[in-house]
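# Chain and residue survey
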Amino acid sequence: MLKFKTAISLALFLFTCSLGLHAATLPGLPATSTAATPAAHPEPLVQGGLLGAISSSIDQVESKLDLNEDLVDAWRLRADRAADEVDQLVNHPSARSSWSVAGDFLILSGVWMSVFAMLWLLGGMLATRLSQHRLLLTRERGRAVLGYLLPFSLPALISLPLTIAVSHYLPVSAGRALALCFAYATSSGIFAASLVLTLVVLFNTGHKRRAVQILRNYTPRPLFGIGFLVALSDALTSPQIAHQLGNNLTSSIAVFTGLGASISFGLLVIKMRRPVAHLIRILPLAQRLKQPALRETLRIFSGLWYWPILLMVMVSVMNLISISDDNQQVLRSALFTTVLLIATVFLSTTLHHLFKTRSEQAARRSNAYKERFLSLSHALLRIGMAIVFIDILGRIWGVSLLEFAMSNTVGRAISDSLSRIGLIFLVTWMVWVVLDTAIQEALKPPVNKRSARQPSTRVKTILPLLRNAMKILLVVICAITTMANLGINVAPFLAGAGVVGLAIGFGSQQLVQDVITGLFIIIEDTLSIGDWVVLDSGHAGTVEGLTIRTLRLRDGKGFVHSVPFGQIKAVTNQSRQFAYAFFSVQFTYDTDVDKAIELIREAGHSISDDPFLKYNLQGPLDVFGVDKMDLNGVVLTAQFRTVSGGQYAVSRAFNQRLKKLVDNSPWVHFAQTYPQQVFMPQRQVDGDDELAQEHSAVLLTDQPRTQ
């Protein structure tokens, strides 16, 4: 709807310009024939693009348009004549006294009120009696309809003819005419209010009950007032009433009562637009599921239903204020405008459903290009519909956009400029749709991850930067060409931009260095989003984002570091293809090395059999054996080849499992850096006859013993 409204606004702008030129060349306004004096009034030469054409149009309108004061003079004349008629009605001598005239008014008014009151009481009693019938006990809407028809609608219809019949027995007078006017207006107001409320209560089901309750609570008095004013305006324009009271007086009062009715009706429509929209929009669940097109149509219509009514109200107000012979033509044009608006809305809704269905089918078939081009075609079609709507609307009111664009110099200039600007926007839009769709498709993960190739991290890094760069480039080109077609001289702008760019280039060499270095880092695929990297500056972390100038890292503590590309001299990437989980374990000298290797292999097998850890491995455990021996013990090494980033989980799990295995083994012991107890054979000692045990405990320390 936003694109449709934008197109309507653009077309309304053209329609306004066309109306201005049409008003400037009306036959009633002063104008000079170009055929008689071709040299004095040559056809204007339009320069400066669209802005120049609009400026020329405004100059022509200002030079030719003249203020017409006929309307003010006509109303002044009518007011003077109405005052004379009032004076004649009050001061004119009559055969009957003023009390007799007032008596006629009171008699007829009393007759109407008596008849209506009696029928109202009878209708209320009858409605109460019928509501207790077994057929209506469970029908709430039926009881509500009887509650409006019997006490209000029927008494209003019956009391008016009886009052008119009684008036034939009274002499012709102003009192009789006023009484008949008020009886007719009151009956019409009551009948109109009861009829509308009768139609409203028919919707009193389901989720519509709240809206019906609001309408029943707040609309009876306004509806009665509107019906009363409309009927009074109609009665005052009848020849019999005008003959009794005066043509100018009755017509003036009729105009003001009609204005009051129109304005009151417009305010009531604005106030009740949401409850009425609720009544239009809500459908039963089964109907909403089976008829989605009807549901969408009613939803759109519920948001637009009051605009045609407000248009008719506005036209009625203008028609009542104006004094001309073209009232029927104005009303006919307003009626055609309302029909055109409703037809356009329904046609737009139908096309929306058609393109929406096609787009959903293209989406299910994973055809992104077709889906995007269908959306583009739908938008262009709605813009074309809006332009056609405005042109037909102008023809209804006597102005044509096509004639304005073809037969007038200013119109041709405006249409040419708008055509070029529209073509620029269309080409830019199509190029962007193609590029954006290609990038989105390249970044989109496949539905079947096993059978399709996943987008690489390099693609995920470069394509968003390329997308942003292409967006900026297209916007700049479109803006420059649009300004040129608007009549703005872009040469100084381009020259100034070049000078500013040169100055910025000299003043920001570090910025240029960052941009160029970052460009080569991205092209060479040194790092990508999601990689764990270590920089020579000491920063380490996961790559979260890349801009044209900086690298954003998040370290192990959750802190974010932004590093300019120009400060990066060396990069250690720990997330490429594979990694090694390397193990270096030190055991004591009295440990059985073969048993230790068996425990290491057993821990490795448990890692390979783990349902969660085995997906991090790319091969079995490689045991290298004894790597070295030092004062603390024997060092054994082994390693797993893992996926990138999986070495940490594998290392932690391996260390935990090896520790449990060593704790349960009596032949394998971890080496320690502090003094440790070992068992060594005792040498034969000369001296006393002391029997030494075959083995004795000796403490070996890192420092030799002192003798």
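What you are looking at is a predicted structure, and each value in this text was computed from that prediction instead of being measured.

About the criteria used
Residues numbered from 1 in each chain as written. Predicted model: local features only at pLDDT ≥ 70, side-chain atom pairs only at ≥ 80, totals over all residues. Heavy atoms only, no water. Helix = DSSP H or I, 4+ residues; strand = E, 2+ residues; numbered from the N terminus. Buried < 20%, exposed > 50% of the residue type's maximum accessible area, 1.4 Å probe, protein only. Contact = heavy atoms within 4.5 Å. Areas by Shrake-Rupley, 256 points an atom, 1.4 Å probe, with all protein chains shown as cover. Axes fitted to C-alpha atoms, helices over the stretch in contact; angles between N-to-C directions. Parallel < 35°, antiparallel > 145°, perpendicular 65-115°, else oblique. Left-handed = near helix turned anticlockwise from the far one by under 90°. Nonpolar A, V, L, I, M, F, W, Y, C, P; charged D, E, K, R; others polar. Salt bridge = Lys/Arg side-chain N within 4 Å of Asp/Glu carboxyl O. Pairing = 2+ DSSP bridges. Polar contact = N/O pair within 3.5 Å; in protein donor to acceptor, adjacent residues only side chain to side chain. pLDDT = per-residue confidence, 0-100. Patch = residues over 30% accessible without salt bridge, like charges linked within 9 Å, V, L, I, M, F, W, Y side chains within 5 Å. Lys, Arg positive; Asp, Glu negative; His and termini not counted. Charge placed at Lys NZ, Arg CZ, Asp CG, Glu CD. Phe/Tyr/Trp six-rings, centres within 6.5 Å; stacked < 30°, edge-to-face > 60°. Lys NZ or Arg CZ within 6 Å of the ring centre and 35° of its normal. Expected span 1.5 Å × (residues − 1). Bend = angle between axes of the 7 residues up to and from the residue.

## Thoughts on the overall build of the chain
Counting its secondary structure elements, the chain contains 23 helices and 10 strands. When burial is assessed residue by residue, the chain has 35% of its 707 residues classed as buried. Intrachain contacts of the chain at a sequence separation of at least 6 include 70% that bridge at least 24 residues. With an accessible surface of roughly 43400 Å², the chain has 63% of that area assigned to carbon and sulfur atoms.

## So, the packing of helix α6 (residues 174-201) against helix α8 (residues 220-236)
Taken N-terminus to C-terminus, the directions of α6 and α8 make an angle of 140 degrees; their axes are 7 Å apart at the nearest point. Viewed along their axes, α6 and α8 adopt a mutual orientation that is oblique. Regarding α6 and α8, the two cross each other, and that crossing is right-handed. Contacts between α6 and α8 pair Cys181, Phe182, Tyr184, Ala185, Thr186, Ser188, Gly189, Ile190, Ala193, Val196 and Leu197 from the former with Pro220, Leu223, Phe224, Gly227, Phe228, Ala231, Leu232, Asp234, Ala235 and Leu236 from the latter. Residues belonging to the contact of α6 with α8 are distributed by class as follows: 16 nonpolar, 4 polar and 1 charged.

## Some remarks on the side chain of glutamine 639
Within the secondary structure, glutamine 639 sits in strand β8 (residues 634-643). For glutamine 639, a relative accessible area of 15% translates into the label buried. Excluding residues that lie within four positions of it along the chain, glutamine 639 makes contacts with Tyr580, Ala581, Phe582, Phe583, Pro620, Leu621, Asp622 and Phe624.

## A look at the pattern of salt bridges
This model, assessed by the stated rule, comprises 5 salt bridges. A salt bridge links arginine 554 to glutamate 544; the nearest nitrogen and oxygen atoms lie 2.4 Å apart. You can see arginine 554 sitting in strand β3 (residues 550-554) and its partner glutamate 544 sitting in strand β2 (residues 540-546), a full 10 residues away along the chain. You can call glutamate 544 partly exposed: its relative accessible area is 33%. The salt bridge partner of arginine 657 is aspartate 610, with a shortest N-O separation of 2.9 Å. With arginine 657 in helix α23 (residues 647-663) and aspartate 610 in the loop between α22 (593-609) and β7 (622-629), this pair connects stretches of sequence that are 47 residues apart. Relative accessible area serves as the criterion here: at 25%, arginine 657 is assigned to the partly exposed category.

## Focus on the pairing of β7
Direction of pairing for β7 relative to β8: antiparallel, over a ladder of 6 bridges. For valine 626, the partnering residue across the bridge sits in β8 and is leucine 636. Adjacent in sequence and paired antiparallel, β7 and β8 are bridged by 4 residues, among which glycine 633 carries a positive phi angle near 155 degrees.

## What to know about the environment of threonine 198
By the element assignment, threonine 198 lies in helix α6. Along the sequence, threonine 198 and glycine 147 sit 51 residues apart, while their C-alpha atoms lie 8.8 Å from each other. For threonine 198, the residues in contact, after removing those within four places along its chain, are Val145, Tyr148 and Leu149. A distance of 2.6 Å separates the side chain of threonine 198 from the backbone oxygen of serine 194, its partner in a polar contact.

## Describing the confidence of the model for the chain
Looking at the chain, the pLDDT average stands at 75 and 72% of residues meet or exceed 70. Here strand β10 (residues 695-700) is the element of the chain with the lowest mean pLDDT, 42, and β8 is the one with the highest, 91. Low confidence marks residues 1-47, where pLDDT is under 50. Its contacts with residues over four positions away, or in another chain, come to 66 contacts. This model gives residues 61-69 a pLDDT under 50, and the stretch forms 10 contacts once residues within four places in sequence are excluded.

## Description of the sheet that holds β8
Two pairing modes exist for strands in a sheet, parallel and antiparallel, and in both the strands are linked by backbone hydrogen bonds. Taken in spatial order, the 3 strands line up as β6-β8-β7 in an open sheet, and their pairing is antiparallel. Two strands bound the open sheet, and with one partner strand each, they are β6 (578-587) and β7. Pairs of neighbouring strands in the sheet enclose a mean axial angle of 25 degrees, with direction left out of account. Here β6 runs beside β8; their pairing, made up of 10 bridges, is antiparallel. Bridge pairing in β8 places alanine 579 opposite threonine 642. Together, β6, β7 and β8 form the strand contacts of α22, whose direction differs from that of β8 by roughly 15 degrees. Along the sheet, α23 contacts β6 and β8; its crossing angle with β6, the most-contacted strand, is approximately 25 degrees.

## Re the environment of asparagine 664
Note that asparagine 664 resides in the loop between α23 and β9 (676-681). Side-chain polar atoms of asparagine 664 contact the backbone oxygen of lysine 660, separated by 3.1 Å.

## Here we look at a negative patch on the surface
On the surface, Asp592, Asp594, Glu598 and Glu602 cluster together into a patch of negative charge. Among the structural elements, aspartate 594 can be located in helix α22. Aspartate 594 gets classed as exposed once you look at its relative accessible area, which sits at 55%.

## Brief notes about the packing of aromatic side chains
The geometry of an aromatic ring pair comes down to the distance between the two centres and the angle between the two planes. Applying the stated criterion across every chain, the model contains 8 aromatic pairs. Their ring planes at 25 degrees and their centres at 3.9 Å tell us that phenylalanine 583 and phenylalanine 654 sit as a pair that is stacked. Placement of the pair is phenylalanine 583 in strand β6 and phenylalanine 654 in helix α23, with a sequence separation of 71 residues. Phenylalanine 654 matches phenylalanine 583 in its accessibility class, with the two residues each being buried. By the ring-pair criterion, three or more aromatic residues cluster together here, those being Phe105, Phe182, Phe224 and Phe228. Over the ring of tryptophan 667 we find lysine 595; its NZ or CZ atom is 5.1 Å from the centre of that ring. Taking NZ or CZ as reference, arginine 641 lies 3.7 Å from the ring centre of phenylalanine 578, over its face.

## Thoughts on the sheet that holds β3
Here 5 strands make up an open sheet; going across it, the order is β4-β3-β2-β1-β5 and the pairing antiparallel. Each end of this open sheet is capped by a strand with a single partner; those strands are β4 (560-564) and β5 (571-573). Going from strand to strand, the sheet's axes swing by 40 degrees on average, the running direction of each strand aside. Looking at chain direction, strand β1 (residues 532-535) and β5 are connected through 3 bridges and run antiparallel. What sits directly across from leucine 535, in β5, is valine 571.

## Thoughts on helix α5 (residues 140-167)
The end-to-end C-alpha distance of α5 is 41 Å, a good match for the 40 Å that 28 residues give at a rise of 1.5 Å each. Along its length, α5 reaches its greatest deviation from straightness, about 40 degrees, at leucine 149, and the proline proline 151 lies no more than four positions downstream.

## Examining the pairing of β3
As defined by bridge partners, β2 adjoins β3 across 4 bridges and the pair is classed as antiparallel. The residue of β3 that forms the bridge with valine 543 is leucine 553. Connecting β2 to the antiparallel partner β3 that follows it, the hairpin turn spans 3 residues. In this structure, the hairpin formed by β3 and β4 is closed by a connection of 5 residues, where glycine 558 is found at a positive phi of approximately 95 degrees.

## Here we look at the packing of α6 against helix α7 (residues 209-218)
Viewed as axis vectors pointing N to C, α6 and α7 meet at an angle of 165 degrees, and their least axial separation amounts to 10 Å. Overall, the two elements α6 and α7 adopt an arrangement that is roughly antiparallel. Along this stretch, α6 crosses α7, giving a crossing that reads as left-handed. On α7, the residues that touch Leu197, Val200 and Val201 of α6 are Val212, Leu215 and Arg216. Taken together, the residues that form the contact of α6 with α7 break down as 5 nonpolar, no polar and 1 charged.

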